[in-house]
Amino acid sequence: MSVRVRFAPSPTGMLHVGALRDALFKYLYARHEGGTNIFRIEDTDRTRYVADSEAEFVESLRWVGIDFQEGPHVGGPFGPYRQSERKEAGIYDKWIQELMKLGHAYKAFETSEELEEMREYQQINKQQIGYYGGAWRDAKPEQVAEIEAAGKPYVIRQRIPRGQTIVIEDLIRGRIEWDSDTVDDPVLIKADGMPTYHFASMVDDHLMEITHIIRGEEWISSAPKHACLFDAFGWQRPIFVHCPVIKGKDGKKLSKRHGATRVLDYRAEGYLPDALINFVALIGWSPGGDLEMMNRDELVREFTLDGLQPSPGMFDMDKLRSMNGDYIRATSIDDLFEALMVYAENPETDSYWENYEPEGDLKIDAPAIRSALQTLVKAAVADPVYAKQAVQLEQERVTTFADFGLATEFFFLDEPPMDEKAMDKYFRAEYVRELFTTLLGIFEDKLEMSVEECEKVVRDYVAAKEFEKPGPVVHPVRVALTGKTFGPGLFELMSLLGPQRMMARLRRALTLL
């Protein structure tokens, strides 16, 4: 059996992390099995249709490197791959007529008011909520013909068998059973003639020869309806695989306050696609052992459905940031700098930070990030060698591309902002004025200094003043040169700044003592 899976989003909004995981699992499984990955657009719900969604899906998946062998943008032998086009082609009309002929579907004429009254009655009498036949499941043909001839609108519902046990074998959860008397009759064709998900997707899965229906566990309640539909047609059921839900670290339903957001926002925030893919693959799936950092080929090689877990997957933003930092550090400086400049110069990046609105407790200074990235771009144009060296010094410390702006900013500003608390703490000692003056005298005749020379200057002063540790010298010098108490190694940044920049900053620091 050749594996065939489908990613079939509804174009009702943006692509978020849950849908990305869905697409990723199918992509990895198809690649692992040498099968076919299909992209299908389920756009039958025209009331929620968003025109730009499909383009958003395509761009998001292109960015993370998920490709398809069949779909509306690549073609294939089972097209069309948009359900609206399939509806226009009469595909669903043919099969709903066949289902009614077999006695497994029927027309129901209740108004929305009548359906509401039915639900209220069920609630008051503590009955199972849902449509279990009403007046039309077993109506006589002449009764149906009469009211239809009168022009009354109707839907077509599936006739779920009664008095039976419906069973599916889920690949993750094993055997799942339902009493068919607790499964309501779902709408298959709406009053406007459009098919519902319950009908169109299952018909398409059969016609497109889908072997595995991989989807979120929120669809488990619909599984008996779908299984019955396959059985009603006499079709072989695909294998059902219901993946675990994704929750935040607090155990609650995933939301933007946990850090989850639209996929293309991760690009704007400076995440690498391979890092995001690696991270998302591990939400609810494990290759076994302690293997975590995997490139795309390794993910394909390791991915099996046996590794999927029934328990909820956790979305841990701290882990994503850490993993992204690992990918940044594993990238060569030439490749990193090139990718960073593409990111920083992208109008999407600038627009994102310009319009950024923090969620919940997230404390992000978006205007500062935007300004610092603009400074980095200007510096790279003016002196790309110097800018690349600054980026390389910060490569070990940042976790996203966006971090590089603020991390490197002090290298490019004539007067970087000074941390007042740091000045108050490290500029008050009596020897600090002498320290800065001494360094000015040493730097005055030099055009450049190696890391070793910078280290020797500092350590010589520590020894001359008989300090037990270098801290009393290192800290005030760092603050004077960078305005901060943290950053890359002092001697490395001193060497990169060079004597002239260091002298200008030391003179400024002397005025602040």
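That block above? That's the structure.
Every value quoted in this text rests on a predicted model; they were computed, and no experiment measured them.

Draft legend 1. Seen up close, the sheet that holds strand β7 (residues 187-189). A sheet is described by the order of its strands in space; here three strands give the open sequence β3-β4-β7, paired in antiparallel fashion. Of all the strands in the sheet, the pair left with one neighbour each is β3 (105-108) and β7. Adjacent strand axes in the sheet meet at a mean angle of 45° when their direction is disregarded. Across two bridges, strand β4 (residues 155-158) lies against β7 in antiparallel orientation. Across the sheet, the residue bridging to R157 is V187, located in β7.

Draft legend 2. Structural context of the pairing of strand β5 (residues 165-170). Across six bridges, β5 lies against strand β6 (residues 174-179) in antiparallel orientation. Residue pairing in the sheet places I168 in a bridge with I176 of β6. Following β5, the chain reverses through three residues before pairing antiparallel with β6.

Draft legend 3. Region of interest: the pattern of salt bridges. This structure, assessed with the given rule, holds 40 salt bridges. Between E59 and R267 there is a salt bridge whose closest N-O contact spans 2.7 Å. Taken together, the residues span a long stretch of sequence, with E59 in helix α2 (residues 53-64) and R267 in helix α9 (residues 263-268) at a distance of 208 residues. Within this structure, R6, R40, E42, R86, D204 and D205 form a network of salt bridges that share partners.

Draft legend 4. Region of the structure containing the nonpolar core. Core analysis: the largest hydrophobic core is formed by 116 residues, its most contacted members being I66 and M494. In this structure M494 touches F443, C454, V458, V477, L481 and M502, once residues within four positions along its chain are discounted. Residues I91, I220, F233 and W235 belong to the second largest nonpolar core, which totals 31 residues.

Draft legend 5. Representation of empty space enclosed by the protein in the model. If you walk through the whole model with that rule in mind, you get one cavity of 30 Å³ or more. There is about 30 Å³ of room inside the largest cavity. Around the largest cavity, the lining residues are D274, I277, M294, N295, R296, L299 and Y327. Counting only elements with at least two residues in the lining of the largest cavity, the list comes to α10 (273-281) and α11 (296-302). When its residues are assigned to classes, the lining of the largest cavity shows four nonpolar, one polar and two charged.

Draft legend 6. Representation of the side chain of R86 within the structure. Looking at where R86 falls in the secondary structure, it is placed in helix α3 (residues 83-88). Residue classification places R86 among the buried positions, given a relative accessible area of 2%. There is a polar contact of 3.1 Å between the side chain of R86 and the backbone oxygen of F78. Only 2.7 Å separates the side chain of R86 from the side chain of D204, close enough to count as a polar contact. Not counting chain neighbours up to four residues away, the residues in contact with R86 comprise F78, G79, P80, I91, Y92, D204, L207 and M208.

Draft legend 7. Broad picture of the side chain of T211. Tracing the chain through its elements places T211 in the loop between α7 (197-207) and β8 (212-216). A polar contact is formed between the side chain of T211 and the side chain of H212, at a distance of 2.7 Å.

Draft legend 8. Highlighting the environment of Q395. Among the structural elements, Q395 can be located in the loop between α16 (384-394) and α17 (401-412). Along the primary structure Q395 and A330 are separated by 65 residues, whereas in three dimensions their C-alpha atoms are 9.4 Å apart. Excluding residues within four positions of it along the chain, Q395 makes contact with I328, R329, T331, I333, L336 and F404. A polar contact is formed between the side chain of Q395 and the backbone oxygen of I328, at a distance of 2.9 Å.

Draft legend 9. Region of the structure containing the layout of surface pockets. Volume-wise, the largest pocket comes out at about 1200 Å³. For the lining of the largest pocket, the secondary-structure elements that each account for two or more residues are β1 (4-7), α1 (17-33), β8 and β10 (246-248). Looking at side-chain class alone, the lining of the largest pocket contains 19 nonpolar, nine polar and twelve charged residues.

Draft legend 10. Structural context of a negative patch on the surface. Taken together, the side chains of E113, E114, E117 and E120 present a region of like negative charge at the surface. Looking at the element boundaries, E117 is found in helix α5 (residues 112-124). Residue E117 is classed as exposed on the basis of its relative accessible area of 54%.

Draft legend 11. Region of interest: helix α20 (residues 451-464). With 14 residues, α20 extends 20 Å between its outermost C-alpha atoms, agreeing within 8% with the 20 Å of an ideal straight helix rising 1.5 Å per residue. For α20, the full list of buried residues reads C454, V457, V458, Y461 and V462. Seen end-on, α20 carries its buried residues on one side only, within an arc spanning 130°. Within α20, the exposed residues directed more than 90 degrees away from the buried face are E452, K456, A463 and A464. Downstream of α20 by one or two residues, E466 has phi in the positive range, about 60°.

Draft legend 12. Looking closely at a nonpolar patch on the surface. Taken together, the side chains of M1, L171 and I239 present a nonpolar region at the surface, about 310 Å² in accessible area. Counting through the fold element by element, M1 comes out in the segment before β1. Residue M1 is classed as exposed on the basis of its relative accessible area, which comes to 75%.

Draft legend 13. Seen up close, the packing of α16 against α17. Put simply, α16 and α17 touch, their axes get as near as 9 Å, and they point 130° apart. In terms of axis orientation, α16 runs oblique to α17. Relative to α17, α16 is oriented so that their crossing is right-handed. Between α16 and α17, the contacting residues are Y386, A387, A390, V391, L393 and E394 on the first element and F404, A407, T408, F410, F411 and F412 on the second. Its residues placed into classes, the contact of α16 with α17 shows ten nonpolar, one polar and one charged.

Draft legend 14. Local environment of the environment of F315. Positionally, F315 belongs in strand β11 (residues 313-315). Given the relative accessible area of 0%, F315 is considered buried. Separated by 35 residues in the primary sequence, F315 and V280 place their C-alpha atoms 8.2 Å from one another.

Calculation notes
Residues numbered from 1 in each chain as written. Predicted model: local features only at pLDDT ≥ 70, side-chain atom pairs only at ≥ 80, totals over all residues. Heavy atoms only, no water. Pairing = 2+ DSSP bridges. Helix = DSSP H or I, 4+ residues; strand = E, 2+ residues; numbered from the N terminus. Axes fitted to C-alpha atoms, helices over the stretch in contact; angles between N-to-C directions. Salt bridge = Lys/Arg side-chain N within 4 Å of Asp/Glu carboxyl O. Core = buried A, V, L, I, M, F, W, Y, C linked by side-chain atoms within 4.5 Å. Buried < 20%, exposed > 50% of the residue type's maximum accessible area, 1.4 Å probe, protein only. Contact = heavy atoms within 4.5 Å. 1 Å grid on protein atoms, 1.4 Å probe; cavity = no way out; pocket = protein on both sides within 12 Å on 5 of 7 lines; lining within 4 Å. Points joined across faces, edges and corners; volume = space filled by probe spheres on them. Nonpolar A, V, L, I, M, F, W, Y, C, P; charged D, E, K, R; others polar. Polar contact = N/O pair within 3.5 Å; in protein donor to acceptor, adjacent residues only side chain to side chain. Patch = residues over 30% accessible without salt bridge, like charges linked within 9 Å, V, L, I, M, F, W, Y side chains within 5 Å. Areas by Shrake-Rupley, 256 points an atom, 1.4 Å probe, with all protein chains shown as cover. Lys, Arg positive; Asp, Glu negative; His and termini not counted. Charge placed at Lys NZ, Arg CZ, Asp CG, Glu CD. Expected span 1.5 Å × (residues − 1). Arc of directions from axis to C-beta. Parallel < 35°, antiparallel > 145°, perpendicular 65-115°, else oblique. Left-handed = near helix turned anticlockwise from the far one by under 90°.

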